[in-house]
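# Fold and contact review
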Amino acid sequence: MSRTPSRPLEPWRWLGVPALLAIVATIALGAPLRIFTLSLPEPIFPMVLAFAWAIIRPSVLGPFLLIVLGLFLDLFFAAPLGLWPISLLVAYGSSLIARTLMVGQEVEVMALFYGLATTGGFLSAYVLVAIAGHTQANLIALLWQMAVTLALFPFAVMLRNRFRDADIRFR
Amino acid sequence: MAYRDSPFQELKVPLTWAAGAATIIALALAIFVFASDRRDQAKASAQALGHPQVRAGFDSVIAPVSGVLAAPTRWIGDGFGSVGDYINAVSENKKLKKRMAELQQLQNENIALRNLTRRYEDLLKLRTEPPIPMVTGRVVTDTRGPFSNARLIDVGAASGVKIGNPAMTDLGVVGRVVGVSSGASRLLLLTDPESRTPVLVDRTNARAVLAGDGGSNPRLDYIRGKDTLKNGDLIVTSGDGGLFPRGLPVGVAAQDVRGIWRLHLFSDRGTIDFVRVLLYDDFSQVVNQAQLAATALPPLAPSEAAQVKAAAAKPTAANPAAPTQAVKAPKGPTANKPTDVAVKPVASRAAARTKAGEYRRVRTPNRPPSVDDRALPQYDPNQPQGRPNDGRAGA
């Protein structure tokens, strides 16, 4: 029995498709509606990608795709241009640095690192808004958005499990 | 196979370094974009966001896309809304009946007050603000969060919307337009961290600035006066600076646990699916400049007209040959130029001021000399410099 040759990990599969899904999910949750007087949560979907892409494998395309996603968020949210790219890249960079520590660890440890990376990303956005806008963002609103973004951790695990073994060099 | 024994370990290190370098380059690029956005915003008008062309292009593309992609979410929300309406129908009916009884009384009071106000306005010849044209738009996207609060609506420059136009629902003010494309506009909400709105307390007329911070209850900063605010005070737009018309309802004041005054926004009481954009630029729009420049002076009373006629018929010492139907300006650059005050409309503000002076002098010829009629203080070299001789120096 001959072994079937493994498909090479093409960028559009692990970078392109998840990025597109993140954009669609962001737009879908941007609908102006309330359910029982509560507005829809608004998590930062690309934050999941910033974490998962760093631990799946190092990539040159990843950071630049994060810039594109960040600029999309800035334009969609009417935030200052560059705010979310910086925030996502801070999360990506910290995850990339901690990547060797996370390899082979349990999911709980990964969740801890995801929490740290997300906190770093939001903290950088908070500081940038405080410096540029001379105002402090509301902490309750900040914690709420962080909480709903942290709740997306299972998607990061799914993404990692889906592509972890796709390229044997980065096991 | 252990990591160190992997035949591909030589490949891993360069790729990791390359990814690290790419991250640093991307981060530098992002910081550059952020800095350029701040610089662009500082250069652009204070009411617009940075890179307005880029944002307008994005909005014109994303508005229809959002309408399609958010449709399933909308359907689900409508489904939940229907269920909620069905469940709450009885209690809501009771509340509405009670509210209707209250409103009936208010309506009667409103009619009486409106009648009285109109009479006062007529008596005082008060110039009331003209009605402001509006366009209604549907909200396509609603972005929340601590760093930005904005909405995209499906009316744009084609409908007359401009940057700076205020927007409100039937409940109260929502925000203002900060970006416009042909078929879509971007609203900056009152809760956005960059939003600053001049407001006043309806009860005490005290001024304040409503500052958004990304939360649902924006702060009241720079409150003028002491003890001018209490819980439950109605807050309306002050119209200061000309950004908003005066008197639009904004919300109700409340103090938070830290003692900071905040607002419960009226617009936050219901889903904002439709907004009305007020096609209002600033207070200068309220004044019709052409009409103001062309305003004719009011006609004289019969007794005054008789006096004018008599004065005009009598030749004056300065100009014995003055025509009988004209009134001569007594002093100033228009002296010796006959002008028919009662007939000709004034052509400009300067002319209106000049003629108003003439008119005042003509209609009350026997009044005591006023400050206007006194000769201008002449320069006296004996007086200390900077102190004109006003007749009291020698006293």
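### Observations concerning the overall build of chain A
For chain A, the helix and strand inventory stands at 8 helices and 2 strands. Listing each helix as α and each strand as β along chain A from the N terminus yields α-β-β-α-α-α-α-α-α-α. Over its C-alpha atoms chain A spans a radius of gyration of 17 Å, differing by no more than 12% from the 16 Å that the globule rule assigns to 171 residues. Structurally, chain A occupies a C-alpha span of about 65 × 30 × 30 Å along its principal axes. Counting the 171 residues in chain A, one finds 49% classified as buried. In chain A, the proportion of contacts linking residues at least 24 apart, taken out of those at least 6 apart, comes to 70%.

### A look at the overall build of chain B
Looking only at helices and strands, one finds 8 helices and 14 strands in chain B. Burial statistics for chain B: of 395 residues in total, 28% are counted as buried. Partitioning the intrachain contacts of chain B with sequence separation of at least 6 by distance along the chain shows that 54% fall at a separation of at least 24.

### Description of helix H4 (residues 83–97) of chain A
In an α-helix, one full turn covers 3.6 residues, which means residues spaced three or four apart are oriented alike. Compared with the 21 Å implied by 1.5 Å per residue over 15 residues, the 22 Å span of H4 of chain A between its first and last C-alpha is a close match. In terms of burial, H4 of chain A is largely enclosed, as 14 of its 15 residues are buried.

### Quick look at the interface of chain B and chain A
Reports often express the size of an interface as the amount of accessible area lost when the parts come together. In this complex, chain B contributes 56 residues to the contact, which on the side of chain A involves 52 residues. Elements with a contribution of two residues or more to the side of chain B that touches chain A: helix H1 (9–43), helix H2 (52–69), helix H3 (71–87), strand S1 (134–143), strand S2 (150–153) and strand S5 (185–189) of chain B. Broken down by element, the residue count for the side of chain B that touches chain A peaks at 18 residues, all from H1 of chain B. Taken together, the residues of the side of chain B that touches chain A sort by class into 28 nonpolar, 16 polar and 12 charged.

### Description of the confidence of the model for chain B
All names here are of chain B. For chain B, per-residue confidence averages 75 on the pLDDT scale, and residues scoring 70 or more make up 70% of the total. In this model residues 383–395 is a low-confidence stretch, pLDDT under 50, and it forms 7 contacts with partners more than four residues away in sequence or in other chains. Of the two predicted TM-score estimates for the complex, the pTM is 0.71 and the ipTM is 0.87.

### Things to note about the sheet that holds strand S12 (residues 274–278) of chain B
All names here are of chain B. Spatial ordering of the closed barrel is given by S1-S2-S5-S4-S3-S12, a layout of 6 strands whose pairing is antiparallel. For this sheet the average axis-to-axis angle between neighbouring strands, irrespective of direction, equals 40°. Bridging between S2 and S5 involves 4 bridges; their strand directions are antiparallel. Paired with Leu152 across the bridge in S5 is Arg186.

### A look at the packing of helix H1 (residues 11–28) of chain A against H2 of chain B
Their axes nearest at 9 Å, the elements H1 of chain A and H2 of chain B cross at an angle of 80°. For the element pair H1 of chain A / H2 of chain B, the angle class is roughly perpendicular. For the pair H1 of chain A and H2 of chain B, contact is made by Val24, Ile27 and Ala28 of chain A and by Val65, Ser66 and Leu69 of chain B, respectively. Residues that form the contact of H1 of chain A with H2 of chain B fall into these classes: 5 nonpolar, 1 polar and no charged.

### Re the packing of helix H6 (residues 107–133) of chain A against helix H7 (residues 139–150) of chain A
Residues and elements named next belong to chain A. Two elements in contact, H6 and H7, have axes whose closest approach is 11 Å; the angle formed by their N-to-C orientations is 150°. Two packed elements cross with a definite hand, and for H6 against H7 that hand is right-handed. For the pair H6 and H7, the contacting residues are Gly115, Thr118, Phe122 and Tyr126 in the first and Leu142, Met146, Thr149 and Leu150 in the second. Tallied by class, residues from the contact of H6 with H7 come to 5 nonpolar, 3 polar and no charged.

### Side note on the pairing of strand S10 (residues 249–255) of chain B
Residues and elements named next belong to chain B. Where strand S9 (residues 234–237) and S10 come together, 3 bridges link them in antiparallel fashion. Paired with Val236 across the bridge in S10 is Pro249. Bridge count between S10 and strand S11 (residues 261–265): 5 bridges; the pairing is antiparallel. Among the inter-strand pairings, Ala253 is bridged to a residue of S11, identified as Leu263. Counting the residues that bridge the hairpin from S10 to S11 gives 5 residues, and of these Gly259 lies at a positive phi of roughly 85°.

### What about the confidence of the model for chain A?
Confidence along chain A averages 86 in pLDDT terms, with 91% of residues attaining 70 or more. Summarising per-element confidence for chain A, the mean pLDDT is lowest in strand S1 (residues 34–35) of chain A (74) and highest in H4 of chain A (94).

### As for the environment of Leu263 of chain B
Residue and element names in this part refer to chain B. Looking at the secondary structure, you find Leu263 in strand S11. The sequence separation of Leu263 and Ala208 amounts to 55 residues, and the corresponding C-alpha distance is 12 Å. When sequence neighbours within four positions are dropped, the list of residues in contact with Leu263 reads Leu210, Asn217, Pro218, Leu220, Ile235, Val250, Gly251, Val252 and Ala253.

### Thoughts on the nonpolar core
All names here are of chain A. In terms of nonpolar packing, the biggest core is built from 105 residues, with Ala50 and Phe51 touching the most fellow members. Among the elements that take part in this core, helix H2 (residues 45–56) stands out by supplying 11 residues, more than any other. Residues contacting Phe51, with those up to four places away along its chain left out, are Ala91, Ser95, Tyr114, Ala117 and Ala156. Ile27, Leu29, Ala31 and Leu33 belong to the second largest nonpolar core, which has 6 residues in total.

### A few points about the environment of Thr16 of chain B
All names here are of chain B. Inspection of the secondary structure assignment puts Thr16 in helix H1. Residue classification places Thr16 among the partly exposed positions, given that 17 C-beta atoms sit within 10 Å. Separated by 206 residues in sequence, Thr16 and Tyr222 have C-alpha atoms that sit 52 Å apart.

How each quantity is defined
- Residues numbered from 1 in each chain as written.
- Chains lettered and ligands numbered in written order.
- Predicted model: local features only at pLDDT ≥ 70, side-chain atom pairs only at ≥ 80, totals over all residues.
- Helix = DSSP H or I, 4+ residues; strand = E, 2+ residues; numbered from the N terminus.
- Rg over C-alpha atoms; globule rule 2.2 N^0.38 Å.
- Buried ≥ 20, exposed ≤ 12 C-beta atoms within 10 Å, placed from the backbone.
- Contact = placed C-beta atoms within 7 Å.
- Expected span 1.5 Å × (residues − 1).
- Nonpolar A, V, L, I, M, F, W, Y, C, P; charged D, E, K, R; others polar.
- pLDDT = per-residue confidence, 0-100.
- Pairing = 2+ DSSP bridges.
- Axes fitted to C-alpha atoms, helices over the stretch in contact; angles between N-to-C directions.
- Parallel < 35°, antiparallel > 145°, perpendicular 65-115°, else oblique.
- Left-handed = near helix turned anticlockwise from the far one by under 90°.
- Core = buried A, V, L, I, M, F, W, Y, C linked by C-beta atoms within 7 Å.

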